[in-house]
Amino acid sequence: MTGKKVKTTRQGFHSIAEAKKEYRRILQEFEKGERIRRQTETFEDIFHLWVKVYETQVEQSTFLKTSQLFKNHILPALGKYKIDKINTLLCQEFIFDITSKISKTSQIKSYTSLVLDFAVTLNL
C-alpha cells in the first residue's frame, strides 16, 4: 500500500524443492494482495487509535474521566497483551480482579468492550 518493498525470510527446509514450493506460495499470496505477515498490535495500541475517535464524540469532562479509568485500571491490566491473544477467559479474570478492587466494574467492562469491538471492526 505504501510502495515500500516487502522482504521476508524462511528457513528450516529439508530440501531445495520444499523451499521453492514455499517461495511460489508466498509469491502467489503477494500477487493476490494478501498480507504475508500482519504486525500484531497490543491492546494499548488499539486503545490509542480508539481514543482519538472517542475524544471527538464526548464532552471533555467525560473524556478525562474515561482516560483516568484506562490509565489507572484497564491499561495496566490488559495493555501489554497482543490483541489477537485476548480471549474470554482473560477478560473474565480481569473483571474478577477489578471487582475486588473498585466499584465501577460495569463502567470498566463497557469501556474495555468498546476498545475490543473497535479491534474487531479493524479485523484484528
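Read on for an overview of the structure. (Residues numbered from 1 in each chain as written. Predicted model: local features only at pLDDT ≥ 70, side-chain atom pairs only at ≥ 80, totals over all residues. Heavy atoms only, no water.)

Let's talk about the packing of helix α4 (residues 88-99) against helix α5 (residues 105-121)
For the pair α4 and α5, interaxial distance at closest approach is 10 Å and the crossing angle is 150°. Taken together, the axis directions place α4 and α5 in an arrangement best described as roughly antiparallel. Between α4 and α5 the crossing geometry is right-handed. Every residue of α5 that contacts α4 at Cys 91, Phe 94, Ile 95, Ile 98 and Thr 99 is listed here: Thr 105, Ile 108, Lys 109, Thr 112 and Leu 116. Of the residues belonging to the contact of α4 with α5, the class tally is 6 nonpolar, 3 polar and 1 charged. (Axes fitted to C-alpha atoms, helices over the stretch in contact; angles between N-to-C directions. Helix = DSSP H or I, 4+ residues; strand = E, 2+ residues; numbered from the N terminus. Parallel < 35°, antiparallel > 145°, perpendicular 65-115°, else oblique. Left-handed = near helix turned anticlockwise from the far one by under 90°. Contact = heavy atoms within 4.5 Å. Nonpolar A, V, L, I, M, F, W, Y, C, P; charged D, E, K, R; others polar.)

Some points on the packing of helix α2 (residues 43-55) against helix α3 (residues 60-78)
The geometry of α2 relative to α3 is characterised by a closest axis approach of 12 Å and an angle of 175° between their N-to-C directions. Relative to α3, α2 is oriented roughly antiparallel. Residues Phe 43, Glu 44, Phe 47, Trp 50, Val 51, Tyr 54 and Glu 55 of α2 form the contact with α3, whose own contacting residues are Gln 60, Thr 62, Phe 63, Thr 66, Phe 70, Ile 74, Leu 75 and Leu 78. When the residues that make up the contact of α2 with α3 are grouped by side-chain class, the tally is 10 nonpolar, 3 polar and 2 charged.

Quick notes on the packing of aromatic side chains
The final tally for this structure, using the stated rule, is 6 aromatic pairs. Following the ring pairs from residue to residue traces out a cluster consisting of Phe 47, Trp 50, Tyr 54, Phe 70 and Tyr 111. (Phe/Tyr/Trp six-rings, centres within 6.5 Å; stacked < 30°, edge-to-face > 60°.)

Describing the pattern of salt bridges
The tally for this structure, following the rule as stated, stands at 3 salt bridges. Residues Glu 44 and Lys 80 are paired through a salt bridge, measuring 3.2 Å at the closest nitrogen-oxygen approach. With a gap of 36 residues between them, Glu 44 in helix α2 and Lys 80 in the loop between α3 and α4 connect regions that are remote in the sequence. Given a relative accessible area of 22%, Glu 44 falls into the partly exposed group. Judged by relative accessible area, which is 69%, Lys 80 ranks as exposed. When the shortest N-O distance is used, the salt bridge between Lys 101 and Asp 97 registers 3.3 Å. (Salt bridge = Lys/Arg side-chain N within 4 Å of Asp/Glu carboxyl O. Buried < 20%, exposed > 50% of the residue type's maximum accessible area, 1.4 Å probe, protein only.)

A word on the side chain of Thr 105
Topologically, Thr 105 is positioned in helix α5. Residues in contact with Thr 105, not counting those within four places in the same chain, are Ile 95, Ile 98 and Thr 99.

Re the environment of Leu 49
Residue position: Leu 49 is located in helix α2. For Leu 49, a relative accessible area of 41% puts it in the partly exposed group. In this structure, the C-alpha to C-alpha distance between Leu 49 and Phe 118, residues 69 residues apart in sequence, is 8.9 Å. Residues contacting Leu 49, with those up to four places away along its chain left out, are Phe 118 and Leu 122.

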